[in-house]
Amino acid sequence: MNTFTIPARLARPATVSETHAEAKKRATQLYREWYRGAPEMIAVYSLNYSPQYVRHLLRQRFEANRHVTDLRAINVLLLKSRQDYQETMNAWKLPDQVIGILLKPKETQQKTFLEKFYTGRDEEAIRPAASGVV
């Protein structure tokens, strides 16, 4: 595995999808790149996960946004995911960021306002932004 990065190797021009079919094609292509990059990601960051588990979690991330139909929102999601992919594969992230942001499944259930009020605190408001917990 390479221990140095080649930024141009993953660089792509920022493109905007004009149609839903084009956005779907770009999302499928990006998913395949994430899928194929799972073993390299494990090697670069020395993660204690199997490639199958990483691929499963990446699939969950993509499936979580399946319901999005607004083309502008899809373009933003694709742009952010492309940026995350490039930063991850070029080893520009810390292992904590990869584990916390990309690989940890979302397990918190949404609480209603009254449930938050009764407990006396709002966990989302007091969680630091850089904690790696999404």
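Predicted model only: the values in this text are computed from it and were never measured.

Right, let's get into the environment of Arg 61. Its location among the elements puts Arg 61 in helix H2 (residues 51–64). Relative accessible area serves as the criterion here: at 23%, Arg 61 is assigned to the partly exposed category. Taking the C-alpha atoms as reference, Arg 61 lies 9.9 Å from Tyr 31; in sequence the two are 30 residues apart.

Counted at 1.5 Å a residue, the expected span for helix H1 (residues 20–45) with its 26 residues is 38 Å, and the 35 Å between its end C-alpha atoms agrees. A bend of about 45 degrees at Ala 38 is the largest found in H1, and the proline Pro 39 appears one to four places after it. Of the positions making up H1, those classed as buried are Ala 23, Arg 26, Leu 30, Tyr 31, Glu 33, Trp 34, Gly 37, Ala 38, Met 41, Ile 42 and Tyr 45. The positive-phi residue at the C-terminal boundary of H1 is Ser 46, with phi of around 50 degrees.

Rules used in this analysis
Residues numbered from 1 in each chain as written. Predicted model: local features only at pLDDT ≥ 70, side-chain atom pairs only at ≥ 80, totals over all residues. Heavy atoms only, no water. Helix = DSSP H or I, 4+ residues; strand = E, 2+ residues; numbered from the N terminus. Buried < 20%, exposed > 50% of the residue type's maximum accessible area, 1.4 Å probe, protein only. Expected span 1.5 Å × (residues − 1). Bend = angle between axes of the 7 residues up to and from the residue.

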